[in-house]
Amino acid sequence: MENKEKFNYTYSAKEQEEIKEIRKKYASPEETEDKMAQLRRLDAAVTQKATRVSLVFGIIGALILGMGMSLAMTEIGKVIGLNGGMAMLVGIVIGVIGIVLVCLAYPIYNRIVKKEREKIAPEIIRLTDELMK
C-alpha cells in the first residue's frame, strides 16, 4: 500500500487582505504604491508646483494692480501725502507693475512645467517602459 502524504491548503481572502493592510503600515511608500499610481503621482507633481508658483505671482500682481487703481482713482493719495496729479501718476505706475506680474504668471507656469518635466522624465520613461511590457 502506498502512503500518500496529503497537502492541505486553505485560502482566506479576508486573511490575505488583513495581511496586506498590516504590511502597508510597515512597508515604505515606494513598496506599497503600484507603478501606475506612482506614474500618476509623478505626473501630477509636475503641474502642482507650477500651479502654486504661478498662482502666487498672479495673486500678488492682482493685489498690486488693485492698489495702484485705488491710488489713481480715489482720495487715498491725499491721505499718504500726494497731491491729485502725483497720486494718479504713482497709481498708474504701480498698476502697470501689477499688470506685468499678472501677465508673467502664465509664462512662469510654462517654464516651471518644462523644467520639472525635464527633471522627472527619466523616471517617467522607466515606469512607462515597465508598464508597457
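Before reading further, recall that the structure is shown in the block above.
Definitions and limits used
Residues numbered from 1 in each chain as written. Predicted model: local features only at pLDDT ≥ 70, side-chain atom pairs only at ≥ 80, totals over all residues. Heavy atoms only, no water. Helix = DSSP H or I, 4+ residues; strand = E, 2+ residues; numbered from the N terminus. Buried < 20%, exposed > 50% of the residue type's maximum accessible area, 1.4 Å probe, protein only. Contact = heavy atoms within 4.5 Å. Areas by Shrake-Rupley, 256 points an atom, 1.4 Å probe, with all protein chains shown as cover. Core = buried A, V, L, I, M, F, W, Y, C linked by side-chain atoms within 4.5 Å. Salt bridge = Lys/Arg side-chain N within 4 Å of Asp/Glu carboxyl O. Expected span 1.5 Å × (residues − 1). Axes fitted to C-alpha atoms, helices over the stretch in contact; angles between N-to-C directions. Parallel < 35°, antiparallel > 145°, perpendicular 65-115°, else oblique. Phe/Tyr/Trp six-rings, centres within 6.5 Å; stacked < 30°, edge-to-face > 60°.

A. Structural view of the overall build of the protein. Assigned secondary structure in the protein consists of 5 helices and 0 strands. Ordered by position in the sequence, the α and β elements of the protein form the string α-α-α-α-α. Looking at the protein as a whole, 20% of its 133 residues qualify as buried. Excluding contacts between residues fewer than 6 apart, the proportion of contacts in the protein whose partners are at least 24 apart in sequence is 73%. Accessible surface for the protein amounts to roughly 10900 Å². Of this, 63% is attributable to carbon and sulfur atoms.

B. Molecular detail of the nonpolar core. Residues Leu-39, Leu-42, Val-46, Ala-50, Ile-112, Val-113, Ile-120, Ile-124 and Leu-127 constitute the largest nonpolar core, which totals 9 residues. Here this core takes 5 residues from helix H5 (residues 84-132), the largest share from any one element. With residues near it in sequence (within four places) discarded, Leu-127 still touches Lys-35, Gln-38, Leu-39 and Leu-42.

C. Main features of the pattern of salt bridges. Inspection of every chain in the model, using the stated rule, returns 3 salt bridges. For Glu-116, the salt bridge is made with Lys-49, and the minimal N-O distance between the two is 3.2 Å. Of the two residues, Glu-116 sits in helix H5 while Lys-49 sits in helix H3 (residues 35-73), which places them 67 residues apart along the sequence. When its relative accessible area of 15% is taken as the criterion, Glu-116 is described as buried. Ionic pairing is found between Lys-119 and Glu-116, a salt bridge with its closest N-O pair at 3.2 Å. Residue Lys-119 and its partner Glu-116 are located together in helix H5, separated by 3 residues, close to a single helical turn.

D. Seen up close, H3. Between the first and last C-alpha of H3 there are 57 Å, a value that for 39 residues agrees with the 57 Å anticipated at 1.5 Å per step. Within H3 the residues assigned to the buried category are Gln-38, Leu-39, Leu-42, Val-46, Ala-50, Ser-54, Gly-58, Gly-61, Gly-68, Leu-71 and Ala-72. On its buried face, H3 sits against helix H4 (76-79) and H5.

E. Highlighting the packing of H3 against H5. Between H3 and H5, whose axes approach to 7 Å, the crossing angle comes to 175°. Considering their axes alone, H3 and H5 lie roughly antiparallel with respect to each other.

F. A look at the packing of aromatic side chains. Inspection of every chain in the model, using the stated rule, returns 1 aromatic pair. Between Tyr-106 and Tyr-109, the aromatic rings sit 6.2 Å apart at their centres with planes inclined by 15°, giving stacked as the arrangement. Highlighted residues: Tyr-106 and Tyr-109, both in helix H5, separated by 3 residues, approximately one helical turn.

G. View of the environment of Gly-85. Positionally, Gly-85 belongs in helix H5. Gly-85 sits in the exposed class, given a relative accessible area of 56%. With 13 residues separating them along the chain, Gly-85 and Ala-72 place their C-alpha atoms 8.7 Å apart.

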